[in-house]
Amino acid sequence: MTTRKLGLAVAQMGPVHLSDSRGAVVRRLVAMLREAKARGAEMVVFPELALTTFFPRYWMEEAEAQARFFEAQMPNADVQPLFDAARELGVGFYLGYAELAEDGRPYNTAVLVNQRGDIAGKYRKIHLPGHVEHKPEAPFQHLEKKYFDVGDLGFRVFESDAVKYGMCLCNDRRWPETYRVMALQSAEVVMLGYNTPSLNIHWNEPVHLRTTTHLVSLQANAYQNGIWVAAAAKCGSEDGHHMIGSSVIVAPTGEIVARTLTEEDEVICVSADLTLGEHFRQHVFNFAKHRRPEHYRLIVDRVGAGDPLP
Ligand code: CDV
């Protein structure tokens, strides 16, 4: 089998505070894009909602959130320097942002931009965590269900610069269906950004579990689908609200090949052998040979758990 290598980078971001301008944020992204390229990257993964603070932690009217934190166009004047840099450097990227679609619907979105600086794919977040109602007793809110509609584009795979990419966002990474649907379309690399608060406002989850469950989800799903997974955090303390780091690149073996050390802007980069996944997809996870979908019907027939089948 001929080896195929991809220079794959994750550009983790430290905090973005409420007072930070889009222009200042984009300058940080461009600096990391340049560093990644200098270290051999052909594709760079940025976080979820990379252009702003993680605003679903704040209660406000939808109209105010849309005016302050959403993008009605992509690219727009603020973000254009990132697209220009991608074209100049010949490097692609994944970017998460809050999208106000043409029909006025709000989505938590990621785009795939190719090495010519053109948008080659779009994903709108499907597994939206959190709540709609105000929880004044909680230390902060998690209002993704209030501010975003459920994504309407499915889990698609895009071939860009000769690599098959899938995309998802944050909470999607915890659901095995996310990866399997893309692996069934022969995805080679799944990219995702995340904002994961260190505190769970719903139950008293030990803080270390936030990182453990993040990593175990990525590693298990990379292995079980024979794919590379590249995950970029926005992390550290945003105006006093801490989020986990531990951005990683995971190989189809399930092993972590690179991991960030800081909770600041930090680039990690690997030379990813895309043929590695083939060994798993031709043997233990040869879907065509070994899957038994006739026994998986409940996965699509039921949403919540119910009684044992008769
Ligand atoms: N932005 C997210 O989707 N965050 C979620 C919540 C539940 C912490 C996550 O799964 O990380």
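All of these numbers come straight from a predicted model, not from anything done at the bench. (Residues numbered from 1 in each chain as written. Predicted model: local features only at pLDDT ≥ 70, side-chain atom pairs only at ≥ 80, totals over all residues. Heavy atoms only, no water.)

**Student:** Looking at this structure, I do not really get the site of the ligand. What am I missing?
**Tutor:** As a matter of local geometry, the ligand sits amid 14 residues, with Lys-125, Cys-170, Asn-171, Arg-174 and Thr-196 nearest to it. Lys-125 is positioned such that a nitrogen or oxygen atom in its side chain is 2.7 Å from an oxygen atom of the ligand. In the model, an oxygen atom of the ligand is placed 2.8 Å from a nitrogen or oxygen of the Asn-171 side chain. Summarising the interface, the protein chains cover 91% of the accessible area of the ligand, which totals 320 Å² for the free molecule. Residue composition of the shell around the ligand, by class: 4 nonpolar, 4 polar and 6 charged. (Near = heavy atom within 4 Å. Polar contact = N/O pair within 3.5 Å; in protein donor to acceptor, adjacent residues only side chain to side chain. Areas by Shrake-Rupley, 256 points an atom, 1.4 Å probe, with all protein chains shown as cover. Nonpolar A, V, L, I, M, F, W, Y, C, P; charged D, E, K, R; others polar.)

**Student:** Whenever I open this one, the sheet that holds strand β2 (residues 43-45) confuses me. Can you help?
**Tutor:** For sheets, the rule is that strands pair by backbone hydrogen bonds, running either parallel or antiparallel. Here 6 strands make up an open sheet; going across it, the order is β5-β4-β3-β2-β1-β14 and the pairing mixed. Looking along the sheet, the strands with just one partner apiece sit at the ends: β5 (119-124) and β14 (266-273). Ignoring which end each strand starts from, the neighbouring axes of this sheet average 25 degrees apart. In this sheet, strand β3 (residues 92-100) lies alongside β2 in parallel orientation, the contact comprising 3 bridges. Bridge pairing in β3 places Met-43 opposite Gly-92. Relative to the sheet, helix α1 (residues 22-38) contacts β1 (5-12), β2, β3 and β14, its axis offset from that of β14 by approximately 40 degrees. (Pairing = 2+ DSSP bridges. Helix = DSSP H or I, 4+ residues; strand = E, 2+ residues; numbered from the N terminus. Axes fitted to C-alpha atoms, helices over the stretch in contact; angles between N-to-C directions. Contact = heavy atoms within 4.5 Å.)

**Student:** What should I look at first to understand the sheet that holds strand β6 (residues 157-160) in this one?
**Tutor:** Taken in spatial order, the 6 strands of this open sheet run β6-β7-β8-β9-β12-β13, and their pairing is mixed. A single partner strand is all that each edge strand has here, and the edge strands are β6 and β13 (256-259). On average, each strand axis in the sheet is inclined to that of its neighbour by 20 degrees, with strand direction left out of account. Where strand β8 (residues 189-194) meets strand β9 (residues 228-233), 6 bridges bridge the pair, whose relative direction is parallel. By the bridge assignment for β9, Met-191 is matched with Ala-230. Helix-sheet contacts for helix α5 (residues 176-183) involve β6, β7 (163-169), β8 and β9, and the interaxial angle to β7 is about 160 degrees. In the packing of helix α6 (residues 207-225) onto the sheet, contacts are made with β8, β9, β12 (248-250) and β13, and the angle to β12 comes to roughly 30 degrees.

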